[in-house]
Amino acid sequence: MSISILGIFVADLCFFGDEIPVPGKTVLGKKYIIGPGGKGSNQAIAASRAGGDVSFITKLGQDNYADMALKLYQEAGVNTQAVVLDSNLNTGAAGILINQQTGENAINVVPGAAATIDRKFIDDNLSIINNSNIFLAQLETSIDATMYALKLAKKNGCTTILNPAPATNLPDDCFENVDFFTPNETEAGFFINQSIESEKDCQSAAKVFLDKGIRNILITLGEKGCFFKNNEEEFLIPAKKLSVPVVDTTGAGDAFNGAFSVALSKNKNYKEAIEFASLSSRNFGYS
Ligand code: RIB
C-alpha cells in the first residue's frame, strides 16, 4: 500500500547548549548544525527509510535549502512528483534551541514557500492522494488547505492520519475525516484545555476525541510510551529503554508518525504498528 504525506520542508538551524534561554537571556551554546527539518518532510523521509512507498506533497523555493531536501528525497527513495519548486519563493527555516542535558527543544518554524500551499495546490496534486492508500498530514501547512486535503483523501477511501502538530484550533467538521489522531501529551492537552499527566488523563482526552468522531487515538508520551484508544479497546505501550542518554528529541514524533504509517501500509495491527513506530528511531525497517 502506498502513502502520501502533505507537509513542509524547512532547514533546521539547531543550537545546542546546557539550557534553553528564557526570554531576554543570552546563553553561550556548545555547537550548532544546519540540517533538514519540517514535520511532513521528516515524516516522509522516516517512512521511506522504514520501507514505505512514499510520495511527499509540498512546495520549495529554488535555493540551497531546496537542494538539500531534493538530495535527501532521492537518497531515501521518496517520490517527488508533487514536490513543486517555485523560483519566486524561499524555502523556509526553523530556529531550534536544544537543551543537550535533557534533549528538550523550543522551535520557531517559518514555512517559507510551503506557506503558499492552498486548495488549488491540493487540487493540482490530487492524483498523488488519489493513488495512495494512506494519507498523513500535520498542521504546519495552512489549516484550510490541510483540512481540504484530509477531506478529499477520506472521500477517496484513504486511511487518514492527522498528527496535530503544532496544536492549533481545528474546525469541528474535520474530525470525521480522521482515522488516526496522533497528538503528543502537550498537543492532546491543548485540544481539551487540560494538562495530561496520567493514564487516566489520556483516557479522558481520548474519550473527548472519540466523541468528536475521530476513530482511533494515539497519544505519544515520550519516555512513557504511547496510549491508544478506540471504541473497542485501549492500551498503553511503554517505550523501550534506551542504552544511551537522550541529547535531542527533535523529530522523534515525526519518526513515530512516518513509521506508524508504514506499519499500517504493511497491514500490521494497531499494537504492532505502535511498537514499530516507537522503535523507529533505531533505524528499523520491514523488508
Ligand atoms: O518535529 C520537528 C520539526 O518541527 C523540526 O524539524 C522543525 O523544522 C519543525 O518543523
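Treat the numbers as computed from the prediction; the structure is a model and nothing was measured.

Cut-off values and rules
- Residues numbered from 1 in each chain as written.
- Predicted model: local features only at pLDDT ≥ 70, side-chain atom pairs only at ≥ 80, totals over all residues.
- Heavy atoms only, no water.
- Helix = DSSP H or I, 4+ residues; strand = E, 2+ residues; numbered from the N terminus.
- Polar contact = N/O pair within 3.5 Å; in protein donor to acceptor, adjacent residues only side chain to side chain.
- Core = buried A, V, L, I, M, F, W, Y, C linked by side-chain atoms within 4.5 Å.
- Buried < 20%, exposed > 50% of the residue type's maximum accessible area, 1.4 Å probe, protein only.
- Contact = heavy atoms within 4.5 Å.
- Pairing = 2+ DSSP bridges.
- Axes fitted to C-alpha atoms, helices over the stretch in contact; angles between N-to-C directions.

What about the environment of Asp118?
Thinking step 1. Position of Asp118 relative to the elements: it lies in the loop between strand S7 (105-112) and helix H3 (119-124).
Thinking step 2. Sequence-wise, Asp118 and Lys268 are 150 residues apart; in three dimensions their C-alpha atoms are separated by 33 Å.
Thinking step 3. Within the structure, Asp118 has its side chain in polar contact with the backbone nitrogen of Phe121 (distance 2.9 Å).

Observations regarding the nonpolar core
Thinking step 1. Judged by nonpolar contacts, the single largest core of 48 residues is most densely connected at Ile122, Ile129, Phe135, Leu162, Phe181 and Phe209.
Thinking step 2. The element best represented in this core is helix H5 (residues 143-155), accounting for seven residues.
Thinking step 3. In this structure, Phe135 is in contact with Ser4, Leu6, Ile129, Ala149, Leu150, Ala153, Cys158, Thr159, Thr160 and Ile161, ignoring residues within four places of it in sequence.
Thinking step 4. If you look at the next biggest cluster of nonpolar residues, it comprises 36 residues, including Phe180, Leu218, Ile237 and Ala259.

Thoughts on the sheet that holds strand S6 (residues 91-99)
Thinking step 1. Judged by pairing direction, the sheet is mixed, and its four strands sit side by side in the order S3-S2-S6-S7 without closing on themselves. The outermost strands of the open sheet, each flanked by one partner alone, are strand S3 (31-37) and S7. For this sheet, the mean angle separating the axes of adjacent strands, direction not counted, is 15°.
Thinking step 2. Direction of pairing for S6 relative to S7: antiparallel, over a ladder of seven bridges. Among the inter-strand pairings, Thr91 is bridged to a residue of S7, identified as Gly112.
Thinking step 3. Against the sheet, helix H2 (residues 64-76) makes contact with strand S2 (10-17), S3 and S6, and its axis sits at roughly 65° relative to S3, the strand it touches most.

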